[in-house]
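Commentary on secondary and tertiary structure
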Amino acid sequence: MKIKYEIHRLNNAVGQGSDRKFVALRSQAPMTEEMMENEIQHACSLTAGDVRAVLSELRALAVRQLSQGSRFWIPGIGSLSLSAGLTKEAQQDGHKVMGRDIYARGILFRADHSLFKDVAGRAQFEAATDSTLSDDYTAEELWAKVDAYLTDHAFITRRDMRVEFGLSAHMADRWLLQFMAEGKIVRRRSRRVDIFMKK
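The text that follows walks through the structure, step by step, so that each part is easy to find. Treat the numbers as computed from the prediction; the structure is a model and nothing was measured.

Details of the sheet that holds strand β3 (residues 72-74)
- Read from one edge of the open sheet, three strands run β3-β4-β5, paired in antiparallel fashion. This sheet does not close on itself; its edge strands, each paired only once, are β3 and β5 (102-111). Taking the axes of each pair of neighbouring strands and ignoring which way they run, one obtains an average angle of 25 degrees across the sheet.
- Where β3 and strand β4 (residues 78-86) come together, three bridges link them in antiparallel fashion. Across the sheet, residue Trp73 finds its bridge partner in β4, namely Ser79.

Here is the structure:
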């Protein structure tokens with residue numbers, strides 16, 4: 001299956017006035033645990049229960065190794081390593097950094113070169129027929145649309161913002177927060193979804 005892609009642009013990249021193109025790949029849903037167990041079961045002599053036990057032990061080993069400061073290497077796949085950060089207090093001048101000032105920030109993955117080579121050799125790409133990019137509005141243009149929508153409807157939701165005005169989830173949230181900060185709308189919490197009404 002070919003990987004769908006879109007070409008996005010960064011406006012005024014690096015402050016030099018020119019746009020910069022970049023590729024945004026569409027990720028497919030990952031295999032479920034059950035699907036993975038079945039795939040491996042059909043490819044070798046292990047049963048689905050065996051695969052489950054191996055994966056469980058692999059995870060336990062990863063937790064043990066990473067929490068002790070070791071890299072965790074999975075042959076043919078790559079290695080995991082822990083990244084750490086400093087608390088805000090430790091960033092201040094004159095603060096003596098102690099163990100309690102350091103926290104686990106994330107887990108980094110570095111692919112084995114052979115894995116990357118195999119994936120890169122098989123991957124094929126094709127342009128997506130639809131776009132995940134938000135329509136581009138000024139604040140005045142979008143507020144006029146939202147205002148008109150709220151004339152005919154009691155409230156608006158994030159989903160409405162996406163469907164009605166062609167916005168991504170991120171941009172819908174951003175605009176709703178901005179209009180709230182400007183005092184144009186207020187948020188009402190409900191059990192299922194947040195709704196936004198004219199103030």
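So much for the structure itself; the text now carries on.
Some words on the pairing of strand β8 (residues 195-198)
- As paired strands, strand β7 (residues 185-188) and β8 are joined by four bridges and run antiparallel to one another. Note that in β8 the partner of Arg187 across the bridge is Phe196.

Comments concerning the packing of aromatic side chains
- Inspection of every chain in the model, using the stated rule, returns three aromatic pairs.
- Members of the aromatic cluster, connected to one another through ring pairs, are Trp143, Trp175 and Phe179.

Section: the pattern of salt bridges
- If you walk through the whole model with that rule in mind, you get eight salt bridges.
- Across the pair Arg26 and Glu6 runs a salt bridge whose closest N-O atoms are separated by 3.1 Å. Of this pair, Arg26 sits in the loop between β2 (20-25) and α1 (33-43) while Glu6 is found in strand β1 (residues 3-10), placing the two residues 20 residues apart along the sequence.
- On the basis of relative accessibility, which here comes to 8%, the residue Glu6 falls in the buried class.

Topic: the pairing of β4
- Connecting β3 to the antiparallel partner β4 that follows it, the hairpin turn spans three residues, and Gly76 within it adopts a positive phi of roughly 80 degrees.
- Relative to β5, β4 is paired through nine bridges, and the arrangement is antiparallel. Note that in β5 the partner of Leu82 across the bridge is Ile107.

Things to note about the sheet that holds β2
- Taken in spatial order, the three strands of this open sheet run β2-β1-β6, and their pairing is mixed. Each end of this open sheet is capped by a strand with a single partner; those strands are β2 and β6 (125-127). Geometrically, the sheet is characterised by an average inter-axis angle of 45 degrees between neighbouring strands, direction not taken into account.

A word on the environment of Ser27
- In this fold, Ser27 is placed in the loop between β2 and α1.
- Overall, the relative accessible area of 72% leaves Ser27 in the exposed class.
- Along the chain, Ser27 and Ser45 lie 18 residues apart, while their C-alpha atoms are 31 Å from each other.

Things to note about helix α5 (residues 139-152)
- When the terminal C-alpha atoms of α5 are compared, their 20 Å separation across 14 residues agrees well with the 20 Å that a helix rising 1.5 Å per residue should span.
- Of the positions making up α5, those classed as buried are Leu142, Trp143, Val146, Tyr149 and Leu150. Buried residues along α5 cover an arc of 120 degrees about the axis, so they all sit on one side. Relative to its buried face, α5 has exposed residues pointing more than 90 degrees away, namely Glu140, Thr151 and Asp152.

As for the environment of Ala53
- Looking at the element boundaries, Ala53 is found in helix α2 (residues 48-67).
- Here the alpha-carbon distance between Ala53 and Arg64, two residues eleven residues apart in the chain, equals 17 Å.

Each value, and the rule that gives it
- Residues numbered from 1 in each chain as written.
- Predicted model: local features only at pLDDT ≥ 70, side-chain atom pairs only at ≥ 80, totals over all residues.
- Heavy atoms only, no water.
- Pairing = 2+ DSSP bridges.
- Helix = DSSP H or I, 4+ residues; strand = E, 2+ residues; numbered from the N terminus.
- Axes fitted to C-alpha atoms, helices over the stretch in contact; angles between N-to-C directions.
- Phe/Tyr/Trp six-rings, centres within 6.5 Å; stacked < 30°, edge-to-face > 60°.
- Salt bridge = Lys/Arg side-chain N within 4 Å of Asp/Glu carboxyl O.
- Buried < 20%, exposed > 50% of the residue type's maximum accessible area, 1.4 Å probe, protein only.
- Expected span 1.5 Å × (residues − 1).
- Arc of directions from axis to C-beta.

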